[in-house]
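# Results of the structural survey
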Amino acid sequence: AAPAPDIPPLLARRRIAIARDAAYGFIYPANIDTLRALGAELSFFSPLAGDALPPCDAVWLPGGYPELHAPALSTRTALRESLAAHVAAGKPVWAECGGMMALFDELALQEDGGEVHRLWGLLPGRVTMQKRLSGLGPQQLSLDGHVLRGHTFHYSSCETPLVPAARTARPGATQAVGARAGEALYVHGA
């Protein structure tokens, strides 16, 4: 095997706080390895356990099942306030799937009424859980001459006044629009 190319320490002296617990568990080891190879110091915390947001330069809220833990997550007002202060200081939050769900104002556990939980309020709008699968399959996003690849698997929809900065597409497809549009990339507060 060829030796791995030298990876510049672009994240040296940067601390990234990563949510990791039963609500936020979709973390690929390769992503952790890459952050460490880039020189980042990683600090894990548990929103479910009521952990405080660690001192950090950036926050990563990975995917998971926040809908299964919405009552507990909605009570984490100290974390909500810490995240709001983090964003107000101009520091980034990377949130994907379940991580992004928790950033919205509300999470509705059923599409036809039922429990609604106030979550962290960093993004305006409501995420609603649905009975049917609403997104499945590989996705890619062309961004600044690079292609980011990932996948979609979710049972939720989002209502927000935010306009997507970009949308993903299936590999090999051009950017889709309308009902065939891929996942939204929101940029808020940048």
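Predicted model, so just to flag it, every value in this text is computed and none were measured.

Reading the values: the criteria
- Residues numbered from 1 in each chain as written.
- Predicted model: local features only at pLDDT ≥ 70, side-chain atom pairs only at ≥ 80, totals over all residues.
- Heavy atoms only, no water.
- Helix = DSSP H or I, 4+ residues; strand = E, 2+ residues; numbered from the N terminus.
- Buried < 20%, exposed > 50% of the residue type's maximum accessible area, 1.4 Å probe, protein only.
- Contact = heavy atoms within 4.5 Å.
- Salt bridge = Lys/Arg side-chain N within 4 Å of Asp/Glu carboxyl O.
- Pairing = 2+ DSSP bridges.
- Axes fitted to C-alpha atoms, helices over the stretch in contact; angles between N-to-C directions.
- Patch = residues over 30% accessible without salt bridge, like charges linked within 9 Å, V, L, I, M, F, W, Y side chains within 5 Å.
- Areas by Shrake-Rupley, 256 points an atom, 1.4 Å probe, with all protein chains shown as cover.

## Observations regarding the side chain of histidine 117
Examined against the element boundaries, histidine 117 turns out to sit in strand β6 (residues 116-118). Note on histidine 117: relative accessible area 11%, which makes it buried. Setting aside its immediate chain neighbours within four residues, histidine 117 contacts Ala70, Pro71, Ser74, Asp105, Glu106, Leu107 and Leu109.

## Things to note about the pattern of salt bridges
Taken as a whole, this structure holds two salt bridges when the rule is applied. In this structure, the salt-bridge partner of arginine 126 is glutamate 106, at a minimum N-O distance of 2.9 Å. Of this pair, arginine 126 sits in strand β7 (residues 123-129) while glutamate 106 sits in strand β5 (residues 104-108); the two residues are 20 residues apart in sequence, bridging distant segments of the chain. Judged by relative accessible area, which is 29%, arginine 126 ranks as partly exposed. Take glutamate 106: its relative accessible area is 29%, and that puts it in the partly exposed class.

## Some remarks on the sheet that holds strand β3 (residues 58-61)
Read across the sheet, four strands follow the order β2-β1-β3-β4 without closing on themselves; strand pairing throughout is parallel. The sheet is open, and its two borders are formed by β2 (41-45) and β4 (93-95), each paired with just one other strand. The average angle at which neighbouring strand axes cross in this sheet is 20°, direction not considered. Contacts from helix α1 (residues 29-37) reach β1 (15-19), β2 and β3, with the element oriented near 140° to β2.

## Let's talk about a nonpolar patch on the surface
A surface patch of nonpolar side chains, about 310 Å² in accessible area, is lined by Phe26, Tyr65 and Leu68. Relative to the assigned elements, tyrosine 65 resides in the loop between β3 and α2 (70-74).

## Thoughts on the environment of proline 171
For proline 171, the location among the structural elements is in the loop between β11 (166-167) and β12 (184-185). Overall, the relative accessible area of 43% leaves proline 171 in the partly exposed class. Put simply, proline 171 and proline 92 are 79 residues apart on the chain and 28 Å apart in space, counted from C-alpha to C-alpha. Residues in contact with proline 171, not counting those within four places in the same chain, are Pro138, Gln139 and Gln140.

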